[in-house]
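Observations on chain architecture
One-letter residues, chain by chain:
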Amino acid sequence: MFHLALKMLIGDKAKFLMLLGGLFFAALLMTQQCAVFIGLLGWTTSHLSNIRSKLWVVEARVEQVNELKPLRDTDVSRVRSVAGVAWAVPLYASVLQARLNDGNFKPILCIGLDSTSLVGRPATILKGRIEDIRLPNSVIIDDLALERLKPPDGESLDVGDSFEINDREARIVAICKSDRAFFGYPYVFTTYDQALQFAPRQRKMLSAVLAEPAPGMTAEATAARINASVPGMKAWTEDELYWATIVWYFKNTGIPFSFGTTIILGFIVGVAISGQTFYSFVLENLKNLGALKAMGASDLKLAGMLLLQVMSVGLLGYGLGMGAAASFGAVAAKKGQPPFMLPWELMGAVLVLILLICMGAALLAILKVRRLEAAVVFRG
Amino acid sequence: MPVPMPMKNSQLPSLNAGELAVHVTGITKAFGKGNASTLALKGADFEAQLGELQLIIGPSGCGKTTLLSVIAGTLVPDAGDVRVLGEMLTELGKGEVTDFRRRFIGFIFQQFNLIPTLNLTENASVPLLLNGAGRRKAEKAADEMLERVGLAGRGKHYPRQLSGGQQQRVAIARALVHDPRLIICDEPTSALDRETGHQVMELLQGVARQADRSVIVVTHDPRVYEFADRIAAMEDGRVLGNRPAAEALPEMAAHH
Ligand SMILES: Nc1ncnc2c1ncn2[C@@H]1O[C@H](COP(=O)(O)OP(=O)(O)OP(=O)(O)O)[C@@H](O)[C@H]1O
Ligand SMILES: [Mg+2]
């Protein structure tokens, strides 16, 4: 009987397509918006993915990774001296202005790495050698910088080209890959000492201390030790700082609200279109359903048929929606924007929502069919 | 027109030899509430014999369809006893009545009520599927039944491709496919022309004449009287008389 239930629905092409379209649209909208949102949150934590360290020791009042408050140079040794710390190195991270050859200024994220260890260095070098970063006035720029720091009518930058940061020459020695930052500023890596020369002179210039737990110790345990013995600073594990940053953006920006609105809208549109369409499908088929009821189809059987009909369209719509969202993601990945990230948790959540919509639509129909008198079929 | 062949016996409720196919007494049924309510049945008594084609006739609005629905178990009366094929429907629960309908009753409706998006084989297989038969078996039986009603090889066609008479024959195939004991028809010929109405009635008559079946036909259509074994006349919510057609017909002819 269930194969006939499917045929009955698909046979009504207009309603079937409408229902499918509604669920497809809902799945696509919810997935795409959530994926962009998650991608955007990913952008807020780009420091953490571009500068890998198990422990980040920062000024005590810092709430998230994009607002590092300056520390003294000597703070590195305070961290280093804590038992349980294998090593600790300085990090400079700040927005500076790059002056291009045409005289224009562009903001960059200048990252200064410990020149001996190069801890926090970019994972992928596309061109050039990472070691050349130790040469005077040298920088490694990311692929985004290639495009961002290029003068409007000039040629694309390359290894060997230079620009200025704060009146100082910055010579490009390598090009790396990096995850994109929230404001879209390109990353420019250099050594810590060089970064201090690029940056305007201030009393406190250290942004963070990157540290490694001693062998056999967890990052959490080492962080706890640092926190107990170094006042005025706070040690975060990579994970803690990641979530603190995301929570911060949730609390302090309107981004979740605006995305939330669109996502809820997608849900409501899905509910409205599919609920309405399926209900009118059922209304139109009331006579047939009544005939089935007269012929001895139980309410349970009919409910099963209705559920199957709507669920199978739901799954189809979900699949198509996911496919479309993934294609959107592929295009976004190619173009570098908008941000897009489609983790399986999101796919699962959207599936649950779509099935909920379907269940709602089926429930309406089931209630209607339950109230239907089998005797209606005898009425002309 | 091929006439349905004798079919194997269904599983039966406790039905003794000589028992009535349908025996209802004192049925009342009101629709609506308060001042707006209509008393559609006012203490109707009715019986139908096994092996007969029983007609129910009467003016429009006299309660024929309502009575038929009560017999079929699709409508619960306000009062009265309904015994169908030896089973007291008024004493069964809703689910039990549904089961009973599914197993022992075949339905033929005035508007055919074939499902437009299903082909003929699929339409005719529905009662078997509802009774738990497998798809292959149900479709095979449906095709055989379509053949018996003169629609051999049309199984893949859709209802809209058929004439009214052909559609009603599909409905008959559907009503008979699960080998029911009682076939209930409301105005089966009113949407058909004389010739096809004739063919449909012949088919039903063939089914009714089997010893353990009964066919009840509600009709307005005098053209079908000649197929009846018995004719019950209704008026204003009551059954006035139920007589052998041989007795009733000459009298009715005299009236006209
Ligand atoms: N569901 C219903 N709600 C309200 N009134 C109803 C309902 N069904 C039947 N009636 C009323 O009950 C009475 C009997 O109706 P019924 O359909 O049984 O008559 P009928 O003899 O079959 O008429 P027809 O020959 O026109 O089909 C009529 O007055 C009708 O209006
Ligand atoms: Mg009627």
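Residues numbered from 1 in each chain as written. Chains lettered and ligands numbered in written order. Predicted model: local features only at pLDDT ≥ 70, side-chain atom pairs only at ≥ 80, totals over all residues. Heavy atoms only, no water.

Some thoughts on the overall build of chain B
Across its full length, chain B holds seven helices and ten strands. Considered along the principal axes of its C-alpha atoms, chain B spans approximately 50 × 45 × 40 Å. Contacts in chain B between residues at least 24 apart in sequence constitute 73% of all its contacts with a sequence separation of at least 6. Only carbon and sulfur atoms are counted for the fraction: they give 49% of the accessible area of chain B, which is about 10,700 Å². In chain B, 28 positive and 29 negative side-chain charges are present, and the distance between their average locations comes to 7 Å. (Helix = DSSP H or I, 4+ residues; strand = E, 2+ residues; numbered from the N terminus. Contact = heavy atoms within 4.5 Å. Areas by Shrake-Rupley, 256 points an atom, 1.4 Å probe, with all protein chains shown as cover. Lys, Arg positive; Asp, Glu negative; His and termini not counted. Charge placed at Lys NZ, Arg CZ, Asp CG, Glu CD.)

A closer look at the overall build of chain A
Of regular secondary structure, chain A possesses twelve helices and ten strands. Taking 380 residues into account, the globule formula puts the C-alpha radius of gyration at 21 Å, and chain A, at 29 Å, lies well above it. By principal-axis analysis of the C-alpha atoms, chain A measures approximately 95 × 55 × 30 Å. Within chain A, contacts between residues at least 6 apart in sequence are counted, and of these 79% link residues at least 24 apart. When the accessible area of chain A is evaluated, it comes to approximately 17,200 Å², of which 60% is carbon and sulfur surface. Charged side chains of chain A number 37 positive and 31 negative; the gap between the two group centres comes to 9 Å. (Rg over C-alpha atoms; globule rule 2.2 N^0.38 Å.)

Considerations on the sheet that holds strand S1 (residues 22–31) of chain B
All names here are of chain B. Spatially, the four strands line up as an open sheet ordered S2-S1-S4-S5, and their pairing is antiparallel. Of all the strands in the sheet, just strand S2 (38–48) and strand S5 (87–88) have a single pairing partner and so form its edges. Relative to S2, S1 runs antiparallel, the two being bridged by eight bridges. Note that in S2 the partner of Ile27 across the bridge is Ala44. Each of S1, S2 and strand S4 (79–84) touches helix H1 (residues 64–72); the most contacted strand, S2, lies at about 60° to it. (Pairing = 2+ DSSP bridges. Axes fitted to C-alpha atoms, helices over the stretch in contact; angles between N-to-C directions.)

Thoughts on the site of ligand 1
As a structural note, the neighbourhood of ligand 1 is formed by 14 residues, with Arg379(A), Ser60(B), Lys64(B), Thr65(B) and Thr66(B) the closest of them. The environment around ligand 1 is built from residues contributed by chains A and B. A distance of 3.0 Å separates an oxygen atom of ligand 1 from a polar backbone atom of Gly63(B). For ligand 1, whose accessible area on its own is 630 Å², the fraction buried by protein is 66%. Put simply, the parts of the chain that give the shell around ligand 1 at least two residues each are S2 and H1 of chain B. With three residues, H1(B) is the single largest residue contributor to the shell around ligand 1. In terms of residue class, the shell around ligand 1 is built from four nonpolar, seven polar and three charged. (Near = heavy atom within 4 Å. Polar contact = N/O pair within 3.5 Å; in protein donor to acceptor, adjacent residues only side chain to side chain. Nonpolar A, V, L, I, M, F, W, Y, C, P; charged D, E, K, R; others polar.)

Brief notes about the confidence of the model for chain B
Close reading of the predicted structure is inappropriate where its pLDDT is low. Residues and elements named next belong to chain B. The predicted model of chain B averages 88 in pLDDT, with 93% of residues at 70 or higher. Per-element confidence in chain B is highest for helix H3 (residues 120–130), whose mean pLDDT is 96, and lowest for helix H7 (residues 245–255), whose mean pLDDT is 81. Taken as a whole, residues 1–11 scores under 50 in pLDDT and shows 36 contacts with residues more than four places along the chain or in a different chain. Confidence estimates for the predicted assembly give a pTM of 0.77 and an ipTM of 0.87. (pLDDT = per-residue confidence, 0-100.)

Brief notes about the sheet that holds strand S10 (residues 238–244) of chain B
Residues and elements named next belong to chain B. If you trace the six strands from one edge of the open sheet to the other, you get S6-S7-S8-S3-S9-S10, paired in mixed fashion. Of all the strands in the sheet, just strand S6 (105–108) and S10 have a single pairing partner and so form its edges. Here the average twist between neighbouring strands, direction ignored, is 15°. Examined bridge by bridge, strand S7 (residues 182–186) and strand S8 (residues 214–218) share five bridges and lie parallel to one another. Paired with Cys185 across the bridge in S8 is Val217.

Looking at helix H9 (residues 255–284) of chain A
Relative to the 44 Å expected for 30 residues at 1.5 Å per residue, H9(A) spans 43 Å between its end C-alpha atoms, a close match to the ideal helical length. Summarising the contacts, the buried residues of H9(A) are in contact with helix H1 (2–11), helix H2 (13–44), helix H8 (238–252), helix H10 (286–294), helix H11 (299–335) and helix H12 (344–371) of chain A. (Expected span 1.5 Å × (residues − 1).)

Some details on the side chain of Glu52(B)
Residues and elements named next belong to chain B. Note that Glu52 resides in strand S3 (residues 52–57). Of note is the side chain of Glu52, whose polar atom sits 3.1 Å from the side chain of Arg230. Among residues more than four places away in sequence, those in contact with Glu52 are Ala208, Arg213, Ser214, Val215, Asp229 and Arg230.

A look at unusual backbone geometry
Residue and element names in this part refer to chain B. Here the phi dihedral of Asn113 falls at roughly 50°; this positive angle occurs in a residue that is not glycine. Summarising the element assignment, Asn113 is placed in the loop between S6 and H3. Its identity as a non-glycine residue notwithstanding, Glu187 has a phi of 50°, on the positive side. Along the chain, the position of Glu187 falls in the loop between S7 and helix H6 (194–208). Residue classification places Glu187 among the buried positions, given a relative accessible area of 8%. (Buried < 20%, exposed > 50% of the residue type's maximum accessible area, 1.4 Å probe, protein only.)

Concerning the pattern of salt bridges
All names here are of chain A. Taken as a whole, this structure holds 22 salt bridges over all chains when the rule is applied. Where Glu164 meets Arg99, a salt bridge forms, and the shortest distance between an N and an O atom there is 3.6 Å. In this pair, Glu164 sits in strand S6 (residues 162–165) while Arg99 sits in strand S2 (residues 85–99), placing the two residues 65 residues apart along the sequence. By relative accessible area, which is 27% here, Glu164 ends up partly exposed. (Salt bridge = Lys/Arg side-chain N within 4 Å of Asp/Glu carboxyl O.)

Digging into the nonpolar core
Counting residues in each nonpolar core, the largest one holds 139 residues, and the members touching the most others are Leu292(A), Ile354(A), Val22(B), Phe46(B), Leu67(B), Ile71(B) and Leu204(B). Once residues within four sequence positions are removed from consideration, Leu292(A) is found in contact with Met1(A), Ala297(A), Leu302(A), Met305(A), Ile115(B), Val126(B) and Leu130(B). Counting residues in each nonpolar core, the second largest holds 41 residues, with Ala98(A), Leu100(A), Leu146(A) and Leu157(A) among its members. (Core = buried A, V, L, I, M, F, W, Y, C linked by side-chain atoms within 4.5 Å.)

Considering the confidence of the model for chain A
On average, residues of chain A carry a pLDDT of 90, and 100% of them reach 70 or more. When pLDDT is averaged over each helix and strand of chain A, the minimum, 85, is found for H9(A) and the maximum, 95, for strand S8 (residues 187–191) of chain A.

Digging into the pairing of strand S3 (residues 105–113) of chain A
Residues in a regular strand point their side chains to alternate faces of the sheet. Residue and element names in this part refer to chain A. Pairing of S2 with S3 involves nine bridges; the strand directions are antiparallel. Across the sheet, Leu96 pairs through a bridge with Ile108, a residue of S3. Hairpin connection from S2 to S3: five residues lie between these consecutive antiparallel strands, with Gly103 at a positive phi of about 90°. Looking at chain direction, S3 and S8 are connected through five bridges and run parallel. Along S8, the bridge assignment pairs Ile111 with Phe189.

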